[in-house]
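Here is how the chains run, residue by residue.
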Amino acid sequence: MRVVVMEDYQRAVERLRCFSDVTDHEIVVHAARPTTVAERAAQIGDAEALVLIRERTPIDSSLLDRVPDLRLICQTGRGMPHIDLTACTERGIVVCSGGGSSYAPAELTLALILASSRRIVEDAVALRSGTWQSTIGVELNGKTLGIVGYGAIGALVARYGVALGMHVLAWGREGSLARARADGHEPERELGSLFTRADVVSLQLKLSPETRGIVTRPHLAAMKPDALLVNTARAGLIEPGALDAALRAGRPGRAAIDVFDDEPAIEDPILHHPSVLATPHLGYVTWETYESYFAEAFAQLDAFAAGAPIGVANPEPPTRP
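Rules behind the numbers
- Residues numbered from 1 in each chain as written.
- Predicted model: local features only at pLDDT ≥ 70, side-chain atom pairs only at ≥ 80, totals over all residues.
- Heavy atoms only, no water.
- Phe/Tyr/Trp six-rings, centres within 6.5 Å; stacked < 30°, edge-to-face > 60°.
- Buried < 20%, exposed > 50% of the residue type's maximum accessible area, 1.4 Å probe, protein only.
- Helix = DSSP H or I, 4+ residues; strand = E, 2+ residues; numbered from the N terminus.
- Pairing = 2+ DSSP bridges.
- Axes fitted to C-alpha atoms, helices over the stretch in contact; angles between N-to-C directions.
- Contact = heavy atoms within 4.5 Å.
- Expected span 1.5 Å × (residues − 1).
- Core = buried A, V, L, I, M, F, W, Y, C linked by side-chain atoms within 4.5 Å.
- Lys, Arg positive; Asp, Glu negative; His and termini not counted.
- Salt bridge = Lys/Arg side-chain N within 4 Å of Asp/Glu carboxyl O.
- 1 Å grid on protein atoms, 1.4 Å probe; cavity = no way out; pocket = protein on both sides within 12 Å on 5 of 7 lines; lining within 4 Å.
- Points joined across faces, edges and corners; volume = space filled by probe spheres on them.
- Nonpolar A, V, L, I, M, F, W, Y, C, P; charged D, E, K, R; others polar.

**What about the packing of aromatic side chains?**
Taken as a whole and judged by the stated rule, the model has five aromatic pairs. The interplanar angle of 10 degrees and the centroid separation of 6.3 Å between the aromatic rings of Tyr-284 and Tyr-290 together place this pair among those described as stacked. Accessibility assignment for this pair places Tyr-284 and Tyr-290 in one class, buried. Measuring from centroid to centroid gives 6.0 Å for Tyr-290 and Phe-294, while their planes differ by 50 degrees, and the two rings are tilted. Residue Tyr-290 and its partner Phe-294 are both found in helix α11 (residues 287-305); the two are separated by four residues, about one turn of the helix. You'll find Tyr-290 and Phe-294 in the same group, each marked buried.

Following this line, the structure appears as structure tokens:
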């Protein structure tokens, strides 16, 4: 099959071990990010299959109308808010998704908590400029970690917090609260109470219509002035404009964020806020995760080309061309 990999910013795909095993397909990898439908269509050309990295590339009817040879989309990771599945099904395009690891985003969450609490980035930058010990950090031992969303990633973050000597509060649905209790953590049924009590709040919820904007201005205003908010989940969980306003008001005192409303977020003003540690959506960006993502996507390519059964994400299975 003629295959195109879209928006490989770091030119990572061709360096993966699994890439050398793909010999039956003609694969073209693009690093540049197209900004218009016409540019996306030009990159895809006459490709029969697309491999998409996370949620970078929007796929809608206007694009699909320009790429009539497309038969298969392999989405790395589970999330697909950027793909119009109905439009794909109507055109007979099969869409399949992959799995993912909880360790990479959980470890990044831990890294952001530690780096923000000990002001590591500021002092590392200052040291390169010739300044010795420019900040004073805080310890996490004995502090309270509030986790909003106790799923697989949230449970790992909770374990890391316990290893640091933190008390863990967990908020979520009843099943999540039961799992948190079974793991030895304190379930917190009131979201507002969690924000009030916690020294560190970590957002680990999946973004959905029910959770969009679930973190409101009053929640943030109730945080301690020396508290830290960490978001490695989705920017849309926070009410629009609420975080910037809260930081300007001094509650919470700091934020560490890995996700933004519009990505790549090169010009987002919050990047320059002195109380913010920001990273460019690195939660899933590890060699181990990429190997897993693309090994699965390449296996899906092989199965599709061979006419073998393949799990699809379409609302109803399309008829193969």
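**Let's talk about the sheet that holds strand β4 (residues 72-75)**
Read across the open sheet, the five strands follow the order β2-β1-β3-β4-β5; overall the sheet is parallel. Two strands close off the open sheet at either side, each with one partner strand: β2 (26-29) and β5 (94-97). Ignoring strand direction, the axes of neighbouring strands in this sheet form an average angle of 20 degrees. Summarising the sheet, strand β1 (residues 2-6) and strand β3 (residues 49-52) pair through four bridges and their orientation is parallel. By the bridge assignment, Met-6 is partnered in β3 with Leu-52. Where helix α1 (residues 37-44) meets the sheet, it contacts β1 and β3, and its direction lies at approximately 140 degrees from that of β1. Strands in contact with α11 are β1, β2, β3, β4 and β5; relative to β4, the strand with the most contacts, it is inclined by about 160 degrees.

**Describing helix α6 (residues 152-163)**
Look at α6: 17 Å from first C-alpha to last across twelve residues, which is about the 16 Å you get at 1.5 Å a residue. Buried residues of α6: Gly-154, Ala-155, Leu-156, Val-157, Ala-158, Tyr-160 and Gly-161, and no others. Directly beyond the C-terminal end of α6, a positive phi value near 85 degrees is found at Gly-165.

**Side note on the nonpolar core**
With 29 residues, the main nonpolar core has Val-148, Phe-195, Val-201, Leu-203, Leu-220, Leu-229 and Leu-243 as its most contacted residues. Among the elements of the structure, β7 (167-171), α8 (191-197), β9 (200-203), α10 (242-249) and β11 (254-257) are those that each provide at least two residues to this core. Of the residues forming this core, the biggest block, four residues, is contributed by α10. Residue contacts for Val-148: discarding those within four places in its chain leaves Trp-171, Leu-191, Leu-194, Phe-195, Val-201, Ser-202, Leu-203, Gln-204 and Leu-205.

**Digging into the side chain of Arg-40**
If you trace the backbone, Arg-40 turns up in helix α1. Of the side chains bearing the opposite charge, Glu-7 lies closest to the buried Arg-40, which forms no salt bridge; the N-O distance is 5.1 Å. In contact with Arg-40, not counting residues within four places along its chain, are Met-6, Pro-34, Thr-35, Thr-57, Pro-58 and Leu-63.

**Quick notes on the sheet that holds β9**
If you walk across this open sheet you meet the seven strands as β8-β7-β6-β9-β10-β11-β12, and the pairing is parallel. Both edges of this open sheet fall to β8 (186-187) and β12 (276-278), since each of them pairs with a single strand only. Looking at chain direction, β11 and β12 are connected through three bridges and run parallel. Counterpart to Ala-255 in the pairing with β12 is Val-276.

**A closer look at the layout of surface pockets**
The space that makes up the second largest pocket amounts to roughly 380 Å³. Around the second largest pocket, the lining is made up of 20 residues, and of these Gly-241, Leu-243, Asp-261, Asp-268 and Ile-270 lie nearest the centre. Classifying every residue of the lining of the second largest pocket by side-chain character gives eleven nonpolar, three polar and six charged.

**Comments concerning unusual backbone geometry**
Cis rather than trans, the peptide bond between Arg-251 and Pro-252 has omega equal to 5 degrees. Relative to the helices and strands, Pro-252 is located in the loop between α10 and β11. With an omega dihedral of 0 degrees, the bond running from Glu-263 to Pro-264 counts as a cis peptide bond. One non-glycine residue with positive phi stands out, namely Arg-54, at about 50 degrees. For Arg-54, the position within the fold is in the loop between β3 and α2 (61-64). Positive phi, close to 50 degrees, is recorded for His-281, a residue that is not glycine. One can find His-281 in the loop between β12 and α11. The buried category is assigned to His-281, whose relative accessible area is 14%.

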